[in-house]
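# Structural overview
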Amino acid sequence: MTELSSFTYAHDGELLSGVGCGAADPGTATAVLLHGAGIGSKERLLPMLAEFASRGCGGLAFDFSGHGESSGELRELSLRRRFEQAVAVIDARVPADGPLIVVGFSMSGQTVTDLVGHYGGRVAAVGLCAPAVYAEEAWDVPFGEGDGRFSEIIRRPDGWRGAPALEVLRGYEGRAVLAVPETDAIIPPEVTRAVQDALSARARFTRFDVPGAEHMLGWWFSEHPEDRREFVTAVLAGPPAATPVAGG
């Protein structure tokens, strides 16, 4: 069993609680696991963190502010602050220029794409688990209590269309795995199709269907070790690069 070690990191007035594992070798990829919104936390992701570490990767997971064991209020969090917290923790805990594997659940699908845009070629692989993407207008708006401007923006019909995240994913050329639960009452199927179409443009892409699962794939993977192992294998191995289509 890979040993997991706890840490705290001070950033922007908050104390972020995290867990890391694996060697700090600059040539070793570090898997960064990002939980979803609401009641999400790093705790559900620890079995997957250990799985990545057992394959020779470094590992990192933390609670965004207002979640789990981190300080702060959820209503004060925003997509921008999530991104900034992730960058701060990664830069503090991962060797400079070391390759990254970034896995995000639900709302953290957006955070993964923000990190791909920030780190570029350092991101060797991404795992998107029932991911959300958001209108550009929502990025800097605090989440509030569920009845404010952020909620208004994300509830607009088709407001996600043209989300900058989709353009980032269309340009991504690394390994990419999209985990899709059998039933998802949170993410509209049109969003999942748009993410799949974007990843199919250039990435070495695999769709990973999860029969029996619902939206909360962090919980599902923590309770279903075989699916967890297969997902990690898909993220680390990926399919061969597709042969370019003439004129495509």
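All values derive from a computational prediction rather than experimental measurement. (Residues numbered from 1 in each chain as written. Predicted model: local features only at pLDDT ≥ 70, side-chain atom pairs only at ≥ 80, totals over all residues. Heavy atoms only, no water.)

### Looking at the packing of aromatic side chains
The condition that has to hold: In summary, the pairing rule links any two rings of Phe, Tyr or Trp, Trp by its six-membered ring, whose centres are within 6.5 Å, and it sorts them by plane angle into stacked for under 30 degrees, edge-to-face for over 60 and tilted for everything else. Numbering goes from the N terminus for both helices and strands, where a helix is a DSSP run of H or I of at least four residues and a strand is a run of E of at least two. Each residue is placed in one exposure class: buried if its accessible area under a 1.4 Å probe, protein chains only, is under 20% of its type's maximum, exposed if it is over 50%, and partly exposed if it falls in between.
The tally for this structure, following the rule as stated, stands at eight aromatic pairs. An angle of 45° between the planes, with centres 5.9 Å apart, marks the rings of Phe83 and Trp139 as tilted. You can see Phe83 sitting in helix H2 (residues 79–93) and its partner Trp139 sitting in the loop between strand S6 (123–129) and helix H4 (149–154), a full 56 residues away along the chain. Residue classification places Phe83 among the buried residues on the basis of a relative accessible area of 14%.

### Remarks on the environment of Tyr134
As a reminder, the rule being used: Working rule for contacts: check all heavy atoms of both residues, and any pair within 4.5 Å makes them a contact.
Take Tyr134: it is sitting in the loop between S6 and H4. Under the relative-accessibility criterion, Tyr134 is labelled buried at 12%. As a C-alpha pair, Tyr134 and Leu169 span 35 residues in sequence and 13 Å in three-dimensional space. Residues within four places of Tyr134 in sequence aside, it is in contact with Leu79, Met107, Gln110, Phe150, Ile154, Ala163 and Pro164.

### Side note on the sheet that holds strand S4 (residues 58–62)
Rule in force here: We treat two strands as partners when DSSP finds at least two bridges between them. Think of each axis as a best-fit line through the C-alpha atoms, taken over the contacting stretch in the case of a helix, with angles from 0 to 180 degrees between the N-to-C directions.
Here eight strands make up an open sheet; going across it, the order is S1-S2-S4-S3-S5-S6-S7-S8 and the pairing mixed. Two strands lie at the open edges of the sheet, namely strand S1 (5–11) and strand S8 (204–210), each paired on one side alone. Ignoring strand direction, the axes of neighbouring strands in this sheet form an average angle of 20°. Across six bridges, strand S5 (residues 100–105) lies against S6 in parallel orientation. Paired with Ile101 across the bridge in S6 is Ala125.

### As for the nonpolar core
Here is a general trend for soluble globular proteins: nonpolar side chains tend to be buried in one another's company. Defined as follows: Definition used in this section: a nonpolar core is a set of buried Ala, Val, Leu, Ile, Met, Phe, Trp, Tyr and Cys residues joined via side-chain atoms within 4.5 Å.
Counting 51 residues, the largest nonpolar core has Leu34, Ile90, Leu115, Phe150, Leu166, Val195 and Leu199 as its most contacted members. Among the elements that line this core, the one with the most residues is H2, at six residues. Here Leu34 is in contact with Leu45, Phe62, Phe64, Val102, Val103, Gly104, Phe105, Ser108, Thr111, Val112 and Leu115, once residues within four sequence places are set aside.

### So, the pairing of strand S2 (residues 14–21)
Taking burial as the measure, the eight residues of S2 include seven buried ones, the bulk of the element. Pairing geometry for S1 and S2, over seven bridges, is antiparallel. Residue pairing for S2: Ser5 is matched across the bridge by Gly20. Where S1 folds back on S2, the antiparallel hairpin that results is connected by two residues, among which Asp12 adopts a positive phi of roughly 50°. Note: S2 against S4, four bridges, orientation antiparallel. Residue Gly18 lies in a different strand from S4, and its bridge partner there is Phe62.

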